[in-house]
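# Coordinate analysis (summary)
Okay, here's what each chain looks like letter by letter:
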Amino acid sequence: MDAAMLTALGALLASPLAAAAAVYGSRGATRAAREGGVIGGYDSLASRLATERDKAEKDQAAAEQRAASLELEVARLRLLVTQLGGTP
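Notes on the structure follow.

### Points about the overall build of the chain
A count of helical and extended segments in the chain gives one helix and zero strands. Across the 88 residues of the chain, 0% fall into the buried class. Of the roughly 7,600 Å² that the chain leaves accessible, carbon and sulfur atoms contribute 65%.

And the structure:
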């Protein structure tokens, strides 16, 4: 075999190996990108949930405050009705 034949044979054998390496590398890059997207999505979801939780806690505190003020108003009105001779 002469040098040209060996070079051609080497190129034929190296091509599938290079293609396999490219496919394997591409799979690794795709997996890394997908995992990065999952982590980013998780962080985004956790942030949104924390924001929703904080808003719900504020709304609950406001509702409890409003209920307490209404209970005081009801007690005041009952006392007024009683003072005026009525029955609540």
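### Concerning the pattern of salt bridges
Enumeration according to the criterion identifies four salt bridges in this entry. Notably, a salt bridge pairs arginine 53 with aspartate 54, separated by 3.2 Å at the nearest N-O pair. A relative accessible area of 36% places aspartate 54 in the partly exposed class. Measuring nitrogen to oxygen at the nearest pair gives 2.8 Å for the salt bridge that ties glutamate 73 to arginine 76. A residue pair is termed a helical-turn pair when its members lie 3 or 4 positions apart in one helix, as glutamate 73 and arginine 76 do in helix H1 (residues 3–83) at three residues.

Cut-offs and rules
- Residues numbered from 1 in each chain as written.
- Predicted model: local features only at pLDDT ≥ 70, side-chain atom pairs only at ≥ 80, totals over all residues.
- Heavy atoms only, no water.
- Helix = DSSP H or I, 4+ residues; strand = E, 2+ residues; numbered from the N terminus.
- Buried < 20%, exposed > 50% of the residue type's maximum accessible area, 1.4 Å probe, protein only.
- Areas by Shrake-Rupley, 256 points an atom, 1.4 Å probe, with all protein chains shown as cover.
- Salt bridge = Lys/Arg side-chain N within 4 Å of Asp/Glu carboxyl O.

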